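Single-letter residue listing:
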Amino acid sequence: MTATHQTHLTAEYGSADRARAIERSIRPEIDDIEGNRTTARLSRNGRQVELTVEAADLVALRAGINTWLTLRGVAEDALAGRK
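The rules we used
- Residues numbered from 1 in each chain as written.
- Predicted model: local features only at pLDDT ≥ 70, side-chain atom pairs only at ≥ 80, totals over all residues.
- Heavy atoms only, no water.
- Pairing = 2+ DSSP bridges.
- Helix = DSSP H or I, 4+ residues; strand = E, 2+ residues; numbered from the N terminus.
- Axes fitted to C-alpha atoms, helices over the stretch in contact; angles between N-to-C directions.
- Contact = heavy atoms within 4.5 Å.
- Core = buried A, V, L, I, M, F, W, Y, C linked by side-chain atoms within 4.5 Å.
- Buried < 20%, exposed > 50% of the residue type's maximum accessible area, 1.4 Å probe, protein only.
- Parallel < 35°, antiparallel > 145°, perpendicular 65-115°, else oblique.
- Left-handed = near helix turned anticlockwise from the far one by under 90°.
- Nonpolar A, V, L, I, M, F, W, Y, C, P; charged D, E, K, R; others polar.
- Salt bridge = Lys/Arg side-chain N within 4 Å of Asp/Glu carboxyl O.

J.: Before we move on, could you go through the sheet that holds strand 3 (residues 48-55) and cite the residues and values that matter?
T.: Spatially, 3 strands are ordered 1-3-2 in an open sheet, and the strand pairing comes out antiparallel. The sheet is open, and its two edges are formed by strand 1 (5-12) and strand 2 (38-45), each paired on a single side. Within this sheet the neighbouring strands show an average axis-to-axis angle of 15°, counted without direction. Packed on one face of the sheet, helix 1 (residues 16-33) meets strand 2 and strand 3 and runs near 160° to strand 2. The strands touched by helix 2 (residues 58-80) within the sheet are strand 1, strand 2 and strand 3, with strand 1 carrying the most contacts at an inclination of about 15°.

J.: Can you break down the nonpolar core residue by residue, with the values?
T.: Tyr 13, Ile 22, Ile 26, Ile 30, Leu 42, Leu 51 and Trp 68 are the most contacted members of the largest nonpolar core, which totals 20 residues. Taken together, the elements giving at least two residues each to this core come down to strand 1, helix 1, strand 2, strand 3 and helix 2. If sequence neighbours within four positions are ignored, Ile 22 has contacts with Tyr 13, Arg 72, Ala 75, Glu 76 and Leu 79.

J.: Just give me the short version of the environment of Ile 22, but keep the residues and values in it.
T.: Take Ile 22: it is sitting in helix 1. Looking at Ile 22, the relative accessible area reads 0%, which means it is buried. Sequence spacing of Ile 22 and Ala 75 is 53 residues, and the spatial spacing of their C-alpha atoms is 5.9 Å.

J.: Explain the packing of helix 1 against helix 2 residue by residue, including any values.
T.: Packing of helix 1 against helix 2 leaves a shortest axis separation of 10 Å and a crossing angle of 140°. In terms of their interaxial angle, helix 1 and helix 2 are classed as oblique. Crossing handedness for the pair helix 1 and helix 2: right-handed. Judged by residue contacts, Arg 18, Ala 21, Ile 22, Ser 25, Ile 26, Glu 29, Ile 30 and Ile 33 of helix 1 engage Thr 67, Trp 68, Leu 71, Arg 72, Ala 75, Glu 76, Leu 79 and Ala 80 from helix 2. Of the residues contributing to the contact of helix 1 with helix 2, the split by class is 10 nonpolar, 2 polar and 4 charged.

J.: Requested: an account of the pattern of salt bridges, with residues and values cited.
T.: Scanning the entire structure with this criterion turns up 7 salt bridges. The shortest N-O distance in the salt bridge between Arg 27 and Glu 23 comes to 2.8 Å. Here the residue Arg 27 and the residue Glu 23 both occupy positions in helix 1, the gap between them amounting to 4 residues, near one helical turn. Using a relative accessible area of 36% as the deciding quantity, one classes Arg 27 as partly exposed. In this structure, a network of salt bridges that share partners links the residues Glu 23, Arg 27 and Arg 44.

Quick look at the structure:
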């Protein structure tokens, strides 16, 4: 795939532990979801978690962004219920 479009999604959490938990929740999906039109990279630096979504076209980019924002939201919701 030749990526012509990309976006960076960065979220900052209240603690490095929370960011680590979000990263660990999302990381297994990185290799499972990639297709022939999109790829994603995940990184964490302290309290920040960054997702980079690359796509061959804008439709695929939108779909990739929606997918990763949803997965991140599910991880955040799961942690919120874990108080």
